[in-house]
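Here is how the chains run, residue by residue.
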Amino acid sequence: MFEFQNIRFLNVLHVPTLTIHEGDITCIVGESGAGKSTLAKLLNKMNSPTEGTITYKGQDLKKMDAVTLRRDVVMLSQTPLIVEGTIRDNLQLGLHYAEKTEATEEEMMRVLQEMKLTQSLEDDVATLSGGEKQRIALARVALMNPSVLILDEPTSALDDHTEEDVMRQFLRNAKQAGQTIIIITHSKTLAEEVSDRIITVKAGEIVD
Amino acid sequence: MKSLIDIEFWRLVSAYVFVLFVLLIFQWRGISRKMQLTVATLRMTIQLVIAGYVLAYIFDNPNAWLVVGIVLAMEVFAIYNIYKRVPYAMPKALKRVIASSMFAGSIVALLYFNFVVLNVSPWFDPRYVIPIAGMMVGNAMTGVTLGIQSLLDNMSNNRDKVEAALMLGATPKQAVKRYVDRAFDSAVLPTINNMVGMGIVFLPGMMTGQILAGLSPVTAIQYQLAIMLGILGGVAMSVILFTQLAYKTFFEDAQLKPRLKEKK
């Protein structure tokens, strides 16, 4: 699905070759500052390589429109994007950005249930905990149903084990739906548990 | 209608005595703005005396090129003043956006006001064009300064949110919409608040001046209404242009450019 050829990003990252396969859960692990997020952001053109070529479904990323690409390769940031308003507003936000049809009441209720959120759609997001906000952000991308989903440290804001279980369930559903998942994490345990493949980044290079 | 009271020299001096009295209060209460107040009073006096003589000369010798030159000088000074007041080192593209939106917004409003509303004849009559240009350019300058400060602060403080929106597939315009709207509000709200309080909370400076000069309050109101609408139009046009163009300078190929550095 993604092919890297002789990629360099400034002096931060060097990836001679890398293939990410369709339908896989790929974990990118490594210490803080190793270059994990930099690598992931090359996949959705948040960063552009200073050297080399990346292809997505056979197309050179350089020739692809960044916004169109990001509507197919969605990335969830480490700090969930929560805007002022209701849970409904926040769930619809991704679809609104992607200029897709709004989710129905049933679809929104279903993703809330999957995320074990008991609040109503009209509740104010200001009342939610950090972990609940992270789950709203996950529910939002579940509604967007992109081909590729990149999750940046998805468990960092989750409050307890229940929420980690929600994350595991989310990943199982996404895999069943045929989505390609890329997870950036410093947790080797999570990586070993859920992934089809682990990429370890150390000082800007892939070490295995 | 009573004629205007001519302020005798010694009475004008007594106004300065009043300021001296304020300075004494500053000294007594230990307020640390004595120097600024003194410099501001002296500066204002020198600037206004020069402006008075220059304007008297221009009014007596009206010349189209001179009037156009003065309006352009006002624009240049206003644009330079915005650059100076913004606490970030701005890239050239953003400076160009500020200059062009300031210039376009205030000039279009000024031309519309002078040609359509007032129908000034000759078109360059300095008695009308210069003070009205001053008000329009000055207000547009304040509006754009407030707008740019709000936009730059929000772009700096909410960079991760803008990035998170882009990663969800938002266009740069969608990702910054909230901050562009806030910038517009910051720029235009002072003018709107000013309009709301006018005639009840205070009498505006231009109208007060005209009434003191012996004009009927009803005529003074006509001028004031027209100028306020002109100012609102000028500020809004400059700020709309600015906000719709400025956000684009923060992106390249839908990627956020590096954070702007604060001035030292």
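Preceding this section is the structure that the text describes.
Residues numbered from 1 in each chain as written. Chains lettered and ligands numbered in written order. Predicted model: local features only at pLDDT ≥ 70, side-chain atom pairs only at ≥ 80, totals over all residues. Heavy atoms only, no water.

Student: Describe the interface of chain B and chain A, listing the residues and the values that go with them.
Tutor: At the interface, 17 residues of chain B touch 24 residues of chain A. Interface of chain B and chain A: buried area, both sides summed, is about 1,800 Å²; carbon and sulfur atoms make up 56% of it. The three residues of chain B that bury the most area against chain A are Met167, Leu168 and Gln255 of chain B, which together make up 40% of that side's buried surface. Between the two partners, chain B and chain A, sit two salt bridges. Asp253 of chain B is paired through a salt bridge with Lys45 of chain A; the nearest N and O atoms lie 3.5 Å apart. (Contact = heavy atoms within 4.5 Å. Buried area = accessible area lost by both parts, 1.4 Å probe. Salt bridge = Lys/Arg side-chain N within 4 Å of Asp/Glu carboxyl O.)

Student: Can you tell me about the layout of surface pockets, naming the residues and giving the values?
Tutor: Residues and elements named next belong to chain B. Its boundaries defined by the atoms lining it, the largest pocket holds a volume of some 740 Å³. Lining of the largest pocket is provided by 21 residues; of these, Gln47, Leu48, Ala51, Met74 and Phe77 occupy positions nearest its centre. For the lining of the largest pocket, the elements supplying multiple residues, two or more each, are helix H2 (34-60), helix H3 (64-85) and helix H5 (126-157). For the lining of the largest pocket, a count of residues per class yields 15 nonpolar, five polar and one charged. A domain split of the lining of the largest pocket shows at least three residues from each of domain 1 (1-61) and domain 2 (63-256). (1 Å grid on protein atoms, 1.4 Å probe; cavity = no way out; pocket = protein on both sides within 12 Å on 5 of 7 lines; lining within 4 Å. Points joined across faces, edges and corners; volume = space filled by probe spheres on them. Helix = DSSP H or I, 4+ residues; strand = E, 2+ residues; numbered from the N terminus. Nonpolar A, V, L, I, M, F, W, Y, C, P; charged D, E, K, R; others polar. Domains from an automatic or database assignment.)

Student: Describe in detail empty space enclosed by the protein, supporting the description with residues and values.
Tutor: Inspection of every chain in the model, using the stated rule, returns one cavity of 30 Å³ or more. Looking at the largest cavity, its volume works out to about 40 Å³. Forming the walls of the largest cavity are Met75, Leu76, Ser77, Pro80, Leu81, Ala137 and Arg140 of chain A together with Ala164 and Leu168 of chain B. Residue assignment for the lining of the largest cavity shows that the elements contributing at least two residues are strand E6 (73-76) and helix H5 (130-144) of chain A. Of the residues in the lining of the largest cavity, the class split is seven nonpolar, one polar and one charged.

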